[in-house]
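Here is how the chains run, residue by residue.
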Amino acid sequence: MLDNPDLIAHVWPNPKFDCLSNDYGVFASRLRAVCDARGFESTVLGVTAGQPICLLTRMASRPSASRLLIASGFHGEEPAGPWGLLQALETLNDGILGDIQLSILPLVNITGFSRGTRLNHRNENPNRGYLAIDDSTRASEEGTFLLEHEARLVSLGRDGVLSCHEDQALAHAYVYANERAESPGDLAIALRECNAGHFPLHPDGFVDGCPIKDGIVFNQLDSSFESWLLKRGAARTYCTETPGQFGFEQRVSANADMITTFMEFFR
Ligand code: NI
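Basis of the calculations
Residues numbered from 1 in each chain as written. Predicted model: local features only at pLDDT ≥ 70, side-chain atom pairs only at ≥ 80, totals over all residues. Heavy atoms only, no water. Donors = N, O, S within 2.8 Å, 3.2 Å for Na, K, Ca; no water. Tetrahedral: all angles 85-135°; square planar, octahedral: opposite > 155°, others 65-115°. Buried < 20%, exposed > 50% of the residue type's maximum accessible area, 1.4 Å probe, protein only. Helix = DSSP H or I, 4+ residues; strand = E, 2+ residues; numbered from the N terminus. Lys, Arg positive; Asp, Glu negative; His and termini not counted. Salt bridge = Lys/Arg side-chain N within 4 Å of Asp/Glu carboxyl O. Polar contact = N/O pair within 3.5 Å; in protein donor to acceptor, adjacent residues only side chain to side chain. Contact = heavy atoms within 4.5 Å. Phe/Tyr/Trp six-rings, centres within 6.5 Å; stacked < 30°, edge-to-face > 60°. Lys NZ or Arg CZ within 6 Å of the ring centre and 35° of its normal. Arc of directions from axis to C-beta. Core = buried A, V, L, I, M, F, W, Y, C linked by side-chain atoms within 4.5 Å.

Student: Outline the coordination of the nickel ion, supporting the account with residue identities and numerical values.
Tutor: The protein atoms donating to the nickel ion are His75 (ND1), Glu78 (OE), Glu78 (OE) and His165 (ND1), with metal-donor distances spanning 2.1 to 2.3 Å. With four donor atoms in place around the nickel ion and angles of 58 to 145° between them, the coordination shape is irregular. Binding-site remark: the nickel ion is held by donors from one chain whose sequence spacing is H-x2-E-x86-H. Each member of the pair, histidine 75 as well as glutamate 78, carries the same accessibility label: buried.

Right, dumping it as structure tokens:
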């Protein structure tokens with residue numbers, strides 16, 4: 001088991017938050033503080049290793065506001081997603097939040113995050129098993145909780161879903177875009193451009209077995225969270241990938257910027 005790369009711990013200094021990248025205590029307390037201050041309501045979707053997997057929603061003032069869902073922390077060795085989400089929430093101006101209905105799944109794989117490992121404490125992959133279309137992988141403990149709340153998650157992400165990942169092995173950035181269209185639309189391109197403002201883009205060819213062009217993997221559905229929500233009715237879903245071979249603070253800032261770009265698109 002020790003030679004399984006998915007069980008190797010990846011931990012970085014996290015100076016902006018004065019802790020390490022796997023410090024769940026600091027992450028949870030700062031997240032709670034900013035979500036309370038900004039008026040989010042919390043629902044516990046399930047409990048893993050004694051910790052709650054939370055869904056937070058902030059209702060819009062306008063009923064016609066776009067409904068957006070942002071998720072992060074599916075893989076524990078990709079911590080710039082959750083910290084980037086926290087940074088975005090702490091620095092956003094209130095105007096954005098008034099114009100959209102935002103829901104967040106800030107940290108899905110809590111045990112992987114704490115250990116710094118890709119997989120959870122049961123050695124399951126929390127971003128597989130949502131659809132039976134690419135392999136026989138069963139849903140993880142966390143995935144089972146999310147699947148139990150399918151109708152709610154689809155409704156909350158009706159107009160757009162963003163999932164923040166990293167690719168530990170790479171020195172290039174890219175974006176998975178799933179849209180009901182023949183070619184990448186304006187939001188896919190905006191997310192790619194934002195990522196490209198921080199890192200070199202992945203060259204054309206293949207990444208993780210998927211064809212990639214101009215930094216975008218387009219409509220390659222698998223059994224992931226983002227493929228699942230598209231299949232079940234979300235208008236468009238995205239998965240951003242920052243490169244693990246770059247510095248941690250740079251990756252956190254890139255995630256915060258892409259999260260803000262995503263929200264701004266719907267104002
Ligand atoms: Ni990932």
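Student: Outline the side chain of glutamate 241, supporting the account with residue identities and numerical values.
Tutor: Positionally, glutamate 241 belongs in strand S12 (residues 236-243). Buried within the structure, glutamate 241 lacks any salt-bridge partner; its nearest side chain of opposite charge belongs to arginine 118, at an N-O separation of 7.0 Å. Side-chain polar atoms of glutamate 241 contact the backbone nitrogen of aspartate 167, separated by 3.3 Å. Once you skip the residues sitting within four places of it in the chain, glutamate 241 turns out to touch His165, Glu166, Asp167, Ala173, Tyr174, Tyr176 and Asn195.

Student: Which residues make up the pattern of salt bridges, and what values go with them?
Tutor: All told, the structure shown has 14 salt bridges when counted by the stated rule. The closest approach of N and O atoms between glutamate 150 and arginine 232, which form a salt bridge, is 3.2 Å. Taken together, the positions of glutamate 150 in helix H6 (residues 150-156) and arginine 232 in the loop between helix H8 (225-231) and S12 put the pair 82 residues apart, joining distant regions of the chain. Since its relative accessible area comes to 40%, arginine 232 is described here as partly exposed. Of the charged contacts, one joins lysine 213 and aspartate 214 as a salt bridge, the two residues approaching to 3.2 Å between their closest N and O atoms. Within this structure, Asp6, Glu77, Glu78 and Arg118 form a network of salt bridges that share partners.

Student: So what's going on with unusual backbone geometry? Residues and values would help.
Tutor: Although it is not a glycine, alanine 49 adopts a positive phi angle of roughly 50°. Tracing the sequence through the fold places alanine 49 in the loop between strand S3 (41-48) and strand S4 (51-58). Positive phi, normally seen in glycine, also occurs at asparagine 219, with a value near 50°. Topologically, asparagine 219 is positioned in the loop between strand S11 (216-218) and H8. With a relative accessible area of 28%, asparagine 219 lands in the partly exposed category.

Student: Can you break down the packing of aromatic side chains residue by residue, with the values?
Tutor: Under the defined criterion, the tally for this structure stands at 13 aromatic pairs. Here phenylalanine 27 and tryptophan 83 contribute two aromatic rings whose centre-to-centre distance is 5.2 Å and whose plane-to-plane angle is 85°, an arrangement assigned as edge-to-face. Placement of phenylalanine 27 in helix H1 (residues 24-37) and of tryptophan 83 in helix H2 (residues 80-91) is noted, with a sequence separation of 56 residues between them. Judged on exposure class, the residue phenylalanine 27 and its partner tryptophan 83 are both buried. Ring geometry for tryptophan 83 and phenylalanine 113: centres 6.1 Å apart, planes at 35°, overall tilted. Linking tryptophan 83 in helix H2 with phenylalanine 113 in helix H4 (residues 110-115), this pair joins segments that are 30 residues apart in sequence. Grouping residues by exposure puts tryptophan 83 and phenylalanine 113 together as buried. In this arrangement the basic side chain of arginine 251 is found over the ring face of tryptophan 12, its NZ or CZ atom lying 4.2 Å from the centre.

Student: How would you explain helix H7 (residues 186-196) if you had to name every residue and give the values?
Tutor: Looking only at H7, the buried set comprises Leu187, Ala188, Leu191, Arg192, Cys194 and Asn195. The arc enclosing the buried residues of H7, seen along the axis, measures out at 160°, which places them on a common side. Summarising the contacts, the buried residues of H7 are in contact with strand S7 (160-167), strand S8 (174-179), S11, S12 and helix H9 (248-265).

Student: Describe the nonpolar core, naming the residues involved and giving the relevant values.
Tutor: Ile70, Trp83, Leu89, Leu102, Ile104 and Phe262 are the most contacted members of the largest nonpolar core, which totals 49 residues. The greatest single-element share of this core, amounting to seven residues, is contributed by H9. Residues contacting leucine 89, with those up to four places away along its chain left out, are Leu31, Val34, Cys35, Arg38, Phe40, Leu102 and Ile104. Core analysis: the second largest hydrophobic core is formed by 18 residues, Leu55, Leu69, Val161 and Ala234 among them.

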